[in-house]
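Next come the chains, spelled out residue by residue.
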Amino acid sequence: MRTPNKDVRYTCECGTAFSLKKTVSHNPRCPRCKKKDVKRRYKAAEYWKLPKYKERNHIERLKREYGLSKDRYDQILEQQGGTCAICKDTEILKRELGERSHLVVDHNHLTGEMRGLLCHACNRALGVFHDDLSMIRSCLSYLMKFDKRKSWDEYFLDIAELVSTRSKDPSTKVGAVIVRDKTILSTGYNGFARGVNDNIPERYDRPEKYLWTIHAEENAILNAGRIGIKTEGASLYVTPMHPCSNCALSIVQSGIKEVIFKKSIENPRFEKSFEKAAEIFNACNILVRIPDKPTVSEKST
């Protein structure tokens, strides 16, 4: 019958006495010091900072907390143009090493319904207000009290931006306002035709959505024609981008003589269309300008 090993007493460098059932040649470490060594090595290696571990943790969290797959997350990110749904800032998609970081999943805390992907700053801002629209409106009213009186261009561009919020497009929301003699004639936003079910998510995926969507500029022109309002000699305010080439043709045919836009989204997908639209406007003597900046025609000459 085998004789069981006798416990051998050792003393760790930290002064702790402990027993082992075997004899070792080197000075052994106590269990507490071994645990500290493992933590020290783990921290020195910083495994959690490696891209593959970050990606794995991100996927697990999406599934655990929101029931989202990685493919669905990437699909929503693509629909938003790879940017925050609120601030549209692309810099928040970069880490210190130049890699793209993950946006936060924003959801309704009452219903649990997912609303979109936000940067950490915008998500924290919504959290501070507890999704209370009345509080957000009060904050906006407070800030506007101390803002100087807006010019007519700023006024109509702000209205165009408000009109754009009616769009259900998860990627880009565009608003347009047709004005003559400082009076609004018509408005429009990018969306589906009247009567079309716009609650089918698959219809918002590229390239399918291009077959269903009417642009904001065209919608404003069509809405005016629907109720018999002439747009000849009017001005078109649009935000947040320059009209595309197809909209430029509709603008020319409707008799609009001036296009004002707040800013233009820089996206290689739209670049050629914007350039062609600028050519059309120049050829047809349509004035295109950004408020407080030289006109497009002046900058090109």
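Scroll up for the structure.
Computed from a prediction, not measured in an experiment: that's the story for all the values here.

**Brief notes about the packing of helix 8 (residues 245-254) against helix 9 (residues 268-283)**
Contact geometry of helix 8 with helix 9 gives a least axis separation of 8 Å together with a crossing angle of 20°. Our classification of the angle between helix 8 and helix 9 gives roughly parallel. As for how helix 8 packs across helix 9, the hand of that crossing is right-handed. For the pair helix 8 and helix 9, contact is made by Ser245, Ala248, Leu249, Ile251 and Val252 and by Ser273, Lys276, Ala277, Ile280 and Phe281, respectively. In the contact of helix 8 with helix 9, the residues fall into seven nonpolar, two polar and one charged.

**Thoughts on helix 7 (residues 216-226)**
Where helix 7 is concerned, the buried positions are Ala216, Glu217, Asn219, Ala220, Ile221 and Ala224. Phi turns positive, to about 75°, at glycine 228, one or two residues after helix 7.

**Describing the nonpolar core**
The biggest cluster of nonpolar side chains holds 24 residues, and the ones touching the most others in it are Ile178, Ile251, Val259 and Phe281. Listing elements by their share of this core, those giving two or more residues are strand 5 (175-180), helix 7, strand 9 (235-239), helix 8, strand 10 (258-261) and helix 9. Among the elements that make up this core, the one with the highest residue count is helix 9 (five residues). Residues within four places of phenylalanine 281 in sequence aside, it is in contact with His242, Pro243, Ala248, Ile251, Val259, Ile286 and Val288. Grouped together as the second largest cluster of nonpolar side chains are 13 residues, Leu77, Cys84, Leu103 and Val105 included.

**Looking at the pairing of strand 4 (residues 114-118)**
In this sheet, strand 4 lies alongside strand 3 (residues 104-107) in antiparallel orientation, the contact comprising four bridges. When the sheet's bridge partners are listed, valine 104 is paired in strand 4 with leucine 118. What sits between strand 3 and strand 4 in their antiparallel hairpin is a turn of six residues, with glycine 112 showing a positive phi close to 80°.

**Topic: the sheet that holds strand 6 (residues 183-189)**
With mixed pairing, five strands are arranged side by side in an open sheet as 6-5-9-10-11. Looking at the sheet topology across the chains shown, the edges are occupied by strand 6 and strand 11 (287-289). The sheet shows a mean angle of 20° between the axes of neighbouring strands, direction not considered. Both strand 5 and strand 9 contribute to a ladder of five bridges, which runs antiparallel. Bridging from a neighbouring strand, valine 179 pairs with serine 235 of strand 9. The strands touched by helix 7 within the sheet are strand 5, strand 6 and strand 9, with strand 6 carrying the most contacts at an inclination of about 130°.

**Some thoughts on the pattern of salt bridges**
The tally for this structure, following the rule as stated, stands at nine salt bridges. Across the salt bridge formed by aspartate 198 and lysine 168, the nearest N and O atoms sit 3.3 Å from each other. Of this pair, aspartate 198 sits in the loop between strand 7 (191-192) and strand 8 (213-214) while lysine 168 sits in the loop between helix 6 (152-164) and strand 5, and the two are 30 residues apart along the sequence. Overall, the relative accessible area of 27% leaves aspartate 198 in the partly exposed class. A single network of salt bridges, built from pairs that share partners, joins Arg61, Arg64 and Glu65.

Thresholds, definitions, all that
- Residues numbered from 1 in each chain as written.
- Predicted model: local features only at pLDDT ≥ 70, side-chain atom pairs only at ≥ 80, totals over all residues.
- Heavy atoms only, no water.
- Axes fitted to C-alpha atoms, helices over the stretch in contact; angles between N-to-C directions.
- Helix = DSSP H or I, 4+ residues; strand = E, 2+ residues; numbered from the N terminus.
- Parallel < 35°, antiparallel > 145°, perpendicular 65-115°, else oblique.
- Left-handed = near helix turned anticlockwise from the far one by under 90°.
- Contact = heavy atoms within 4.5 Å.
- Nonpolar A, V, L, I, M, F, W, Y, C, P; charged D, E, K, R; others polar.
- Buried < 20%, exposed > 50% of the residue type's maximum accessible area, 1.4 Å probe, protein only.
- Core = buried A, V, L, I, M, F, W, Y, C linked by side-chain atoms within 4.5 Å.
- Pairing = 2+ DSSP bridges.
- Salt bridge = Lys/Arg side-chain N within 4 Å of Asp/Glu carboxyl O.

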